[in-house]
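Here's the letter readout for the chains.
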Amino acid sequence: LGKRAASEGREAVYPEIDFCKNPEVICSSPKYAELKWIAGLFYWMESVQSYNVRGWNYLKQLHAFVDGGYSDPSFIDAVSGIVNRGCHDPPCGTGDVD
């Protein structure tokens, strides 16, 4: 994806960015604003869609939410907790959300 791939002779979309030396570039680069979306999508795929903790399974809960007519706000609250706090049932031990 970045400088390492380019230096190893692989195709790189961002050959000038060293994500290892400067991971903050994902959120701080005005030139590559799409990196936030890429990182967010990766997080969603890796952490939210696969979330299965203490009996709360994202995919099962999503199906129940859809089958229930999108009417139970607890699903939205739980997903918000996963994304913003790291768990579906705050408090999560991560501190206050600003």
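Each remark here, short or long, concerns the structure printed above.
As the structure is a prediction and not an experimental result, all values here were calculated from the model. (Residues numbered from 1 in each chain as written. Predicted model: local features only at pLDDT ≥ 70, side-chain atom pairs only at ≥ 80, totals over all residues. Heavy atoms only, no water.)

Asks: Would you mind going over the side chain of Ser-29 with me for this structure?
Replies: As for its position among the elements, Ser-29 is in the loop between helix 2 (25–28) and helix 3 (34–48). The exposure class assigned to Ser-29 is buried, which follows from its relative accessible area of 13%. (Helix = DSSP H or I, 4+ residues; strand = E, 2+ residues; numbered from the N terminus. Buried < 20%, exposed > 50% of the residue type's maximum accessible area, 1.4 Å probe, protein only.)

Asks: Even after reading the chapter, I still don't get the environment of Gln-49, so can you show me in this structure?
Replies: Along the chain, Gln-49 turns up in the loop between helix 3 and strand 1 (52–53). Classification of Gln-49 as partly exposed rests on a relative accessible area of 36%. Along the sequence, Gln-49 and Tyr-32 sit 17 residues apart, while their C-alpha atoms lie 26 Å from each other. The residues touching Gln-49, leaving out its near neighbours within four places in the chain, are Trp-44, Tyr-58 and Leu-59. (Contact = heavy atoms within 4.5 Å.)

Asks: Which parts of the structure should I look at to understand the pattern of salt bridges?
Replies: When the charged atoms of two side chains lie near each other, side chains of opposite charge can form a pair. Taken as a whole, this structure holds three salt bridges when the rule is applied. For the salt bridge of Arg-4 with Glu-8, the shortest nitrogen-to-oxygen distance reads 3.0 Å. For Arg-4, a relative accessible area of 56% corresponds to the exposed category. Given a relative accessible area of 44%, Glu-8 falls into the partly exposed group. Beyond isolated ion pairs, a larger network of salt bridges with shared partners links Arg-4, Glu-8 and Arg-10. (Salt bridge = Lys/Arg side-chain N within 4 Å of Asp/Glu carboxyl O.)

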